[in-house]
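Each chain, written out:
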Amino acid sequence: MKPVHLCALLPPEAETYFKQLLSWLHARYVQTFNGNHWRATLPFSSEALLQVNWLCEKLREQVHGFSLYASWGVPAPDFPFAPFPFNLHVETGIFGTGKHPTTQMCLTALQHLPLKGKWVLDIGTGSGILAAAALSQGAKVVATEISFTAAKQAHKNLSVYESSSWAVIVCDLASGLRGTFDVVVCNISSEALLCLLPDLDRILPVGKLVASGWMASEWRTVRKFLNSHGLRLSSWQFLNGWMAVVADR
Ligand SMILES: C[S@@+](CC[C@H](N)C(=O)[O-])C[C@H]1O[C@@H](n2cnc3c(N)ncnc32)[C@H](O)[C@@H]1O
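Residues numbered from 1 in each chain as written. Predicted model: local features only at pLDDT ≥ 70, side-chain atom pairs only at ≥ 80, totals over all residues. Heavy atoms only, no water.

**Quick word on the site of the ligand**
Logical step 1: Around the ligand, a shell composed of 14 residues is seen, among which Thr 103, Gly 124, Glu 145, Asp 172 and Leu 173 lie nearest.
Logical step 2: One of the backbone nitrogen or oxygen atoms of Leu 173 is found 2.7 Å away from a nitrogen atom of the ligand.
Logical step 3: Its free accessible area being 600 Å², the ligand has 82% of it covered by the protein chains.
Logical step 4: For the ligand, the cavity whose grid points lie within 2 Å of the majority of its atoms is the second largest pocket.
Logical step 5: By residue class, the composition of the shell around the ligand is six nonpolar, six polar and two charged. (Near = heavy atom within 4 Å. Polar contact = N/O pair within 3.5 Å; in protein donor to acceptor, adjacent residues only side chain to side chain. Areas by Shrake-Rupley, 256 points an atom, 1.4 Å probe, with all protein chains shown as cover. 1 Å grid on protein atoms, 1.4 Å probe; cavity = no way out; pocket = protein on both sides within 12 Å on 5 of 7 lines; lining within 4 Å. Sits in = over half its atoms within 2 Å of the grid points. Nonpolar A, V, L, I, M, F, W, Y, C, P; charged D, E, K, R; others polar.)

Shown next as structure tokens:
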């Protein structure tokens, strides 16, 4: 079974407490760099993500100014993440600067997928950041957005890419879309994801779902719904209480 990779940035005074928490979780290969940067491996279990969330909550009780990232099924990235390498204009009130944990984990998940020539649907595109990432990897993209203002912003940001490779549509989730996609990416709330799942059966008969936008404490509910729609988990990520998954069918 693939192990769980854990990375943390912690103030030096948290060392003893963090080591204690890691030993309770049977962490292995614990390494520290520059006194504040940690890496470790946790044994895989179906509840590993909830254990990482427990670790994060324990740290919150006693430590200020830390960052905790974990992943399973994704090669451990450089942490903290490098800034998004494209020039996006993001007006106040529009989501998608690339700084939010959920966006960062979706970007990491997309980087590890072969997207060249694939059809990608980005639901709730905001500034267009995930659509831009998929386009830069050679995909063709349809992006949906419920807010007209955000859709206009995404349209502007995507206009640097070949116009025949993308479209931005104002609609509710995937309603009204015809055809099928190879990859669906959505950074939306768990409630919105649950509303989307019945439509996914139609638009993603075979392919990958990259999803984020909810807290790790909601994982049991989200996992149940993914399973009930025939989606099999292939990776997950955790960053400071938020989570992202890639699921296949
Ligand atoms: C968390 S933001 C994600 C933005 C961007 N994709 C990112 O990852 O940074 C969620 C976006 O989904 C949009 N949204 C919310 N509900 C929606 C719905 N029912 N249909 C389409 N878009 C929706 C919001 O307006 C917002 O721009």
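**Focus: unusual backbone geometry**
Logical step 1: With omega at 0°, the peptide bond leading from Phe 79 into Pro 80 counts as cis.
Logical step 2: Among the structural elements, Pro 80 can be located in the loop between strand E4 (67-72) and helix H3 (101-111).
Logical step 3: You will see that Asn 240, though not glycine, has its phi angle at about 50°, which is positive.
Logical step 4: Residue position: Asn 240 is located in the loop between strand E10 (232-239) and strand E11 (242-248). (Helix = DSSP H or I, 4+ residues; strand = E, 2+ residues; numbered from the N terminus.)

**A closer look at the domain arrangement of the protein**
Logical step 1: Parsing the protein into structural domains produces domain 1 (4-72) and domain 2 (101-248).
Logical step 2: If you average the C-alpha positions of domain 1 and of domain 2, the two centres end up 29 Å apart.
Logical step 3: Summing the contributions of domain 1 and of domain 2, the shared interface buries around 1400 Å²; its carbon and sulfur component is 59%.
Logical step 4: In terms of surface lost to domain 2, no three residues of domain 1 exceed Leu 49, Tyr 69 and Trp 72, which account for 45% of the buried area on that side.
Logical step 5: At the junction of domain 1 and domain 2, the tally comes to two salt bridges.
Logical step 6: Linking domain 1 to domain 2 there are nine residue pairs in polar contact (both at pLDDT 80 or more).
Logical step 7: Of all elements in the fold, only helix H2 (48-62) and E4 reach the threshold of two or more residues within the side of domain 1 that touches domain 2.
Logical step 8: Taken together, the residues of the side of domain 1 that touches domain 2 break down into eleven nonpolar, four polar and two charged. (Domains from an automatic or database assignment. Buried area = accessible area lost by both parts, 1.4 Å probe. Salt bridge = Lys/Arg side-chain N within 4 Å of Asp/Glu carboxyl O.)

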